[in-house]
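Residue-level listing of the chains:
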Amino acid sequence: KEIYISFAMLRASRSVHHNMVTSLVRAPMTTFFDRTPTGRIINRFTRDLQVIDSVMSWAFNSIFNRSFQVIGIFIVIGIAFPLGLLMFPFMAYIAWHLNDFFLKTNVEITRLDQINRSPIVNFFSET
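Described in the following lines is the structure provided in the data block. All values derive from a computational prediction rather than experimental measurement.

**Overview of a nonpolar patch on the surface**
Here is step 1 of the chain: A grouping of Val 70, Ile 73, Phe 74, Ile 77, Phe 81, Leu 83, Leu 85, Leu 86 and Phe 88 is seen on the molecular surface, where their side chains present a nonpolar patch of about 840 Å² in accessible area.
Here is step 2 of the chain: In terms of residues, the nonpolar patch owes the most to one element, helix 3 (residues 38–80), which gives four residues.
Here is step 3 of the chain: Along the polypeptide, Leu 85 turns up in the loop between helix 3 and helix 4 (88–126).

If you want it as structure tokens, here you go:
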């Protein structure tokens, strides 16, 4: 399982890097590179590849393990207390909305973090 996840992450990293380089090379010279600082471009490359290399493999492994745990929990609840399964739709609805709120907040925090990092990287690349 771990070897398969490692190879999948390597393939994903190569694919993302290739797509990013291709998009960057095809970007219009007069508008994109005049408006986007070099530091922001480098920061985006390094951050995206770091996430794929370090975070995604852990996340896929965690999702795989948690999904089997959840299936086992539903089986035990279904055997021990079948009426407990009636609470599942209500709890899933609440969890869905909490997850939606978290994702929107996380996107904004990540955007602000990238904007704050760009001037530092841009300063070092220009000097």
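On we go.
**Details of helix 3**
Here is step 1 of the chain: Between its terminal C-alpha atoms helix 3 stretches 60 Å, which fits the 63 Å expected from 43 residues at 1.5 Å a residue.
Here is step 2 of the chain: Of all the bends in helix 3, the largest measures some 40° and sits at Val 55.
Here is step 3 of the chain: Regarding helix 3, the residues found buried are Gly 39, Ile 41, Asn 43, Phe 45, Asp 48, Leu 49, Ile 52, Asn 61 and Ser 62.

**Examining the pattern of salt bridges**
Opposite charge on two side chains permits them to pair, given that their charged atoms come into close proximity.
Here is step 1 of the chain: A full pass over the atoms with the stated rule returns two salt bridges.
Here is step 2 of the chain: Of the charged contacts, one joins Lys 104 and Asp 100 as a salt bridge, the two residues approaching to 3.5 Å between their closest N and O atoms. Placement of the pair is Lys 104 and Asp 100 together in helix 4, with a separation of four residues, close to one helical turn.
Here is step 3 of the chain: Residue class for Asp 100 comes out partly exposed when judged on its relative accessible area of 34%.
Here is step 4 of the chain: One salt bridge connects Glu 108 with Arg 111, and the closest N-O pair in it is separated by 3.0 Å. Here Glu 108 pairs with Arg 111, and both are found in helix 4, just three residues apart, close to one helical turn.
Here is step 5 of the chain: Assessed through its relative accessible area of 38%, Glu 108 is described here as partly exposed.

Conventions and cut-offs
Residues numbered from 1 in each chain as written. Predicted model: local features only at pLDDT ≥ 70, side-chain atom pairs only at ≥ 80, totals over all residues. Heavy atoms only, no water. Patch = residues over 30% accessible without salt bridge, like charges linked within 9 Å, V, L, I, M, F, W, Y side chains within 5 Å. Areas by Shrake-Rupley, 256 points an atom, 1.4 Å probe, with all protein chains shown as cover. Salt bridge = Lys/Arg side-chain N within 4 Å of Asp/Glu carboxyl O. Helix = DSSP H or I, 4+ residues; strand = E, 2+ residues; numbered from the N terminus. Expected span 1.5 Å × (residues − 1). Bend = angle between axes of the 7 residues up to and from the residue. Buried < 20%, exposed > 50% of the residue type's maximum accessible area, 1.4 Å probe, protein only.

Nothing here speaks to function; it is geometry throughout.
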